[in-house]
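Listed here are the chains, written in short residue letters.
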Amino acid sequence: MLQSSGAGRQRRSRLLDALGVGAYAPALRVARSFVELHLPRRAGLMATGAFFAATTAYGIVLGDHIQSFREGAVRATAEVAAVTGLGVHSIQITGADETSEDEIVQALDLASSPSILTFDPFLARQRLMELPWVEEATVQKLYPNTLRIDVKEREAFALWQIGGIVSIVGRDGGAIEELTEPRFASLPLLVGYGANRGAADLMDIVRAHPRVAARFRAAVRVADRRWNVRLDNGVEVKLPEVDAAGAVAELAELDRDEALLSRDLVAVDLRLPDRIILKLSEQAAMQRKASFEGRNGRKNKGKSI
């Protein structure tokens, strides 16, 4: 055995000499000792695990499964958080009068992210801003399990009729939703293409004169250039394309001094800058004609023709 071992060592020495590494044998022994001393236990097992992890990651990228992998990880995190008390258990909502709680909860989309850890307030705010009545919204996470939602809603400014559809609009003219509830029926009615965009300017002009505003009921946009205003007694006031504010001011002054809007009129035409044209009702026109003919008859009485 000793001879055999000695012969084996001699053959190995001759082989190393032939390969030209015999001189490096001491260095190799030192390196081997270093590896044996410094490699952690189970290094092979760890390397194998790292290899399989890298292979899995490569497969995910190669198979374009990153999104599904991420969603799975998010769901797992949410489930763990929910079990540990970090699920969304309470929602505080302020400022929502026209927007229902169900609409808000649906916009939060808690089904896809039930944990306060993984809940994204930025995306939730974007979804809330898409609700018809919501003008502004803030979303806050209050740990460990509460969401706070603050909503500022749009103001119902007027009704806008285009075709056969009547919608509630805000001051900016944007349509909020179709009219379905009678509680909004008292809002001023604006009719025609472009009427919603000019609503704020017209109403500011009218409300500056309380005598006219008290009688205002509706306005029709004509060719998207000017307005015909309808009063509560059926009188139509035709405003000019230019300086509608001046025309309404003149109308209010005539009503104050002459009670113009209480007369039996059908229309008041203010489109011409140098005159006002009044259109009487049929009955008032007949009475005026009869009165005029009576005056002429009295003037001609006693004269031979």
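For the structure, see preceding data.
Computed from a predicted structure; not experimentally measured.

Cut-offs applied
Residues numbered from 1 in each chain as written. Predicted model: local features only at pLDDT ≥ 70, side-chain atom pairs only at ≥ 80, totals over all residues. Heavy atoms only, no water. Core = buried A, V, L, I, M, F, W, Y, C linked by side-chain atoms within 4.5 Å. Buried < 20%, exposed > 50% of the residue type's maximum accessible area, 1.4 Å probe, protein only. Helix = DSSP H or I, 4+ residues; strand = E, 2+ residues; numbered from the N terminus. Contact = heavy atoms within 4.5 Å. Axes fitted to C-alpha atoms, helices over the stretch in contact; angles between N-to-C directions. Parallel < 35°, antiparallel > 145°, perpendicular 65-115°, else oblique. Left-handed = near helix turned anticlockwise from the far one by under 90°. Phe/Tyr/Trp six-rings, centres within 6.5 Å; stacked < 30°, edge-to-face > 60°. Lys NZ or Arg CZ within 6 Å of the ring centre and 35° of its normal. Pairing = 2+ DSSP bridges.

Novice: Please explain the nonpolar core as it appears in this structure.
Specialist: In a soluble, globular protein the nonpolar side chains are often hidden away together inside. Ranked by size, the top nonpolar core spans 30 residues in total, and within it L190, L202, F216, V237, L239 and L251 carry the most contacts. For this core, the elements supplying multiple residues, two or more each, are β4 (158-162), α7 (199-207), β8 (216-222), β9 (226-231), α9 (244-258) and β11 (265-269). Look past the residues within four positions of L202 in its chain and what remains in contact with it is L190, F216, A219, W227 and L239. Grouped together as the second largest cluster of nonpolar side chains are 16 residues, A107, L110, L128 and A137 included.

Novice: Just checking my understanding: could you explain unusual backbone geometry for this structure?
Specialist: Excluding glycine, residues mostly carry a negative phi; peptide bonds, for their part, are mostly trans. For the peptide bond that leads from Y143 to P144, omega is 15°, which places it in the cis range. Within the secondary structure, P144 sits in the loop between β2 (134-142) and β3 (146-153). The phi dihedral of D243 falls on the positive side, at around 60°, and the residue is not glycine. If you trace the backbone, D243 turns up in the loop between β10 (236-238) and α9. Under the relative-accessibility criterion, D243 is labelled exposed at 52%.

Novice: How should the packing of helix α5 (residues 101-108) against helix α6 (residues 121-129) be read in this particular structure?
Specialist: In helix packing, the relevant descriptors are the interaxial angle and the interaxial distance, both defined with respect to the helix axes. At a minimum axis separation of 8 Å, α5 and α6 run at an interaxial angle of 140°. Classed by the angle they form, the pair α5 and α6 counts as oblique. Here α5 runs over α6; the crossing is right-handed. Contact residues: I104, A107 and L108 in α5; A124, R127 and L128 in α6.

Novice: What exactly am I supposed to notice about the packing of aromatic side chains here?
Specialist: Aromatic rings in a pair are described by how distant their centres are and how their planes are angled relative to each other. Under the counting rule described, the total for this entry stands at one aromatic pair. Ring geometry for W133 versus F184: centroids 5.9 Å apart, planes at 25°, classification stacked. On the criterion of sequence distance, the pair formed by W133 in the loop between α6 and β2 and F184 in the loop between β6 (175-178) and β7 (189-191) is long-range, its members being 51 residues apart. With a relative accessible area of 9%, F184 lands in the buried category. A cation sits over an aromatic face here: R197 above Y193, 5.2 Å from the ring centre.

Novice: What should I look at first to understand the pairing of β3 in this one?
Specialist: The side chains of a regular strand alternate between the sheet's two faces. Pairing of strand β1 (residues 90-94) with β3 involves five bridges; the strand directions are parallel. Bridged to S90 within β3 is T146. One ladder, built from eight bridges, connects β2 with β3; its direction is antiparallel. Within β3, the position partnered with V134 by the bridge is E153. With antiparallel pairing between neighbouring strands as the criterion, β2 and β3 make up a hairpin whose turn holds three residues.

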